[in-house]
Amino acid sequence: MSLINKESVKKRMGSRVAANGFAKFLFILATSFSLLVLGVLIYRILAEGLPYLSLDFITNFASRMPERAGIWAALVGTIWIMAVTAPVSFILGVGTAIYLEEYAKKNAFTKFIQVNIANLAGVPSIVFGLLGLTIFVRLAGLGSSVLAGGLTMSLLILPVIVVASQEAIRTVPREIREASFGMGATKWQTIRRIVFPAALPGILTGTILALSRAVGETAPLLVLGALAYVAFVPENLFSQFTVLPIQLYNWTSRPQEDFHMLAASGIIILMIILLIMNSIAVYIRNKFHKRF
Amino acid sequence: MVSREKSNQKSIRSMIQENKSTRSQSAVMEKVVPKIFLICAVISIFTTLGIVFTLLTETFTFFNRISIVEFFTNTHWFPFTADKNADYGILALVMGTLTVTAIAMVVAIPVGLAAAIYLSEYASAKTRKFIKPILEVLAGIPTIVYGFFALTFVTPLLDSIIPGGISIFNALSPGIVVGIMIIPMIASLSEDAMNAVPNSMREGALALGATRFEVAMKVVLPAALSGVIASFVLGISRAIGETMIVTIAGGSRPTADIDVTESIQTMTAYIVQVSQGDTGYGTTIYYSIYAVGMTLFVFTLIMNLLAQFISRKFREEY
């Protein structure tokens, strides 16, 4: 007499295996949905945007006539904003990370800073726009200038850089620090000559990814009062400006079909810029990644 | 020989002298540098204080002009009419925001979770290596691009599918696209949580004869539940704060009675609308964006704290 009735086991297994197969199919379907959306998105933008894409499109200013419109002002404005955002956010972010990882004692104050940074990362970007509008534009009297926009963007991406830098600094092994101290180096000498160079690839990767997020941000600068229609490039830190995403928003929100195609062309440029920035980040990560 | 020694002595003395002076220099550096870095760290606190201070003071001014009761109970939001007829009832904007968020979560939670289960429980290492970067690309696309996609592709598509059509600006299209935007975030956070479940638990269940599906549903998912739910909450927070997609594709008709095929307005879209117009500094409308911003800030802050609380409190340690 067999204790296990193979027939009934098989029967019950059958439905469970079928359920497994069906679920697997659904899971794959859901995953491919994301891939499909990405494919459609890229195809649509290329199909709509390529006709208008030319060298003139890059070097022309915005215009009411679609054939003559270009993104030069927006492109230069984006570069100006990044020229402010990159150094400010880098210095503040890395400084914060070094303080938290190397100097800070594990007390309530340090924990408070840490929690605070985590919370800042979750604040909607448009709220940073309101902050910039009040503090930089009105209180500091900077107006809707490159400087105000760049500083606002710096604060927006600060949490990302801090977290990335902290992780990079944490991966530097204790031994090489101790070796440095053993040679008679002071703490600051060790940080400057040993820890910082060793952590730099990780810090740079995080910073570039954060900056590429800033390049695509629209809302804070819109709130700040960046112009949507600009036919000049910024001359100094106090000039008015526009950026690529705002120019795209301007074109997108017009009813005419032609402007939508212009927006698609601009999106291609924006995506190429982001692709380049991301590639650089990946390159740094792979090239300078050191295993201790 | 003697002269040589003398010169040597001299140089050693001067070397010691030099060393002393640089040492005092570096001692100064040792004291100053941490202070500089401390200032950097404190700036993040000042940023938070700045946000709270800004929102509070300007919102206070707003509530001096508009009663706080009206703000929270009125369901009409018509700030652009003549001053006396203007209505400031945040409920209209909140309902718009929640509608979009709800639609987004209906899209993002099942798809994101399914993708996470697939990646962590079914996919081979090779497939995972292929799919994860693509999800990262989706997460890195600027929201303005998603907004454009919603307006020029998803809305026309929905218009042809839904009987009776759909308005050019509606709640459904941006809702779906916000959902798509959040999928990578939910998928990757949930996958992290599920990956943290030790393999021995899976193997134990498999050895007892469970199928992969049963392992995923009855062992891995319950074990990773806190991380998974935290990812949902963070997703909701992102959806509430999303701006450009809803501004471009949602329209600007604040309404408390929700028809997803009709135009709506979210809190974020309202702030953009006012920032774009030529509203003067000091008008009630100008202050209203801070009141709306404050509401938005409180909503997302609660969500973020909740997510942190869930993942800390209910984390199961193995």
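Cut-offs applied
- Residues numbered from 1 in each chain as written.
- Chains lettered and ligands numbered in written order.
- Predicted model: local features only at pLDDT ≥ 70, side-chain atom pairs only at ≥ 80, totals over all residues.
- Heavy atoms only, no water.
- UniProt positions renumbered as here; feature names shortened; annotations may be inferred.
- Core = buried A, V, L, I, M, F, W, Y, C linked by side-chain atoms within 4.5 Å.
- Buried < 20%, exposed > 50% of the residue type's maximum accessible area, 1.4 Å probe, protein only.
- Domains from an automatic or database assignment.
- Contact = heavy atoms within 4.5 Å.
- Axes fitted to C-alpha atoms, helices over the stretch in contact; angles between N-to-C directions.
- Helix = DSSP H or I, 4+ residues; strand = E, 2+ residues; numbered from the N terminus.
- Parallel < 35°, antiparallel > 145°, perpendicular 65-115°, else oblique.
- Buried area = accessible area lost by both parts, 1.4 Å probe.
- Salt bridge = Lys/Arg side-chain N within 4 Å of Asp/Glu carboxyl O.
- Nonpolar A, V, L, I, M, F, W, Y, C, P; charged D, E, K, R; others polar.

By the naming in an unreviewed UniProt entry, chain A is Phosphate transport system permease protein PstA, taken from Fictibacillus arsenicus. In its Sequence similarities (unreviewed entry) section, the UniProt record describing chain A reads: "Belongs to the binding-protein-dependent transport system permease family. CysTW subfamily." Under the UniProt heading Subcellular location (unreviewed entry), the note attached to chain A is "Cell membrane".

Student: Honestly, the nonpolar core in this entry has me stumped. Any pointers?
Tutor: Side chains that are nonpolar tend, in soluble globular proteins, to be buried together. Counting 154 residues, the largest nonpolar core has Trp 251 of chain A together with Ile 51, Trp 77 and Tyr 146 of chain B as the members making the most contacts within it. Residues lining this core come from more than one domain, with at least three contributed by each of domain 1 (7–52) and domain 2 (56–290) of chain A. Beyond its immediate chain neighbours, meaning those up to four positions away, Trp 251 of chain A contacts Phe 57, Ala 69, Gly 70, Ile 71, Phe 259, His 260, Leu 262 and Ala 263 of chain A. Within the second largest apolar cluster, 26 residues are counted, among which are Leu 92, Leu 100 and Val 195 of chain A together with Val 33 of chain B.

Student: Got a minute to help me understand the packing of helix H3 (residues 90–122) of chain B against helix H8 (residues 212–223) of chain B in this structure?
Tutor: Helix packing geometry: the angle between the two helix axes and the distance between the axes. Residues and elements named next belong to chain B. Their axes nearest at 11 Å, the elements H3 and H8 cross at an angle of 110°. As judged from the angle between their axes, H3 and H8 are roughly perpendicular. Of the residues in H8, those in contact with Leu 113, Ile 117, Glu 121 and Tyr 122 of H3 are Arg 212, Phe 213, Ala 216, Met 217, Val 220 and Leu 221.

Student: Any chance you could explain the UniProt feature "transmembrane region" (unreviewed entry) in chain A here in plain terms?
Tutor: Residues and elements named next belong to chain A. Within this structure's numbering, the places UniProt gives as "transmembrane region" (unreviewed entry) are residues 21–46, 71–100, 112–136, 142–164, 194–212 and 259–284. In residues 21–46, the share of helix is 100% and the share of strand is 0%. The end C-alpha atoms are 37 Å apart. For residues 71–100, the helix share is 97%, the strand share is 0%, and the end-to-end C-alpha distance is 41 Å.

Student: Sorry, what's going on with the interface of chain B and chain A here?
Tutor: Many descriptions give the size of an interface as the accessible area lost when the pieces come together. Chain B puts 73 residues into the contact, and the matching count from chain A is 70 residues. Contact between chain B and chain A buries roughly 6300 Å² in total, counting both sides, with carbon and sulfur atoms accounting for 78%. Counting across the interface, chain B meets chain A through one salt bridge. Among the salt bridges present, the one from Glu 214 of chain B reaches Arg 16 of chain A, with a minimum N-O distance of 2.7 Å. The element best represented in the side of chain B that touches chain A is helix H1 (residues 2–65) of chain B, accounting for 19 residues. When its residues are assigned to classes, the side of chain B that touches chain A shows 49 nonpolar, 20 polar and four charged.

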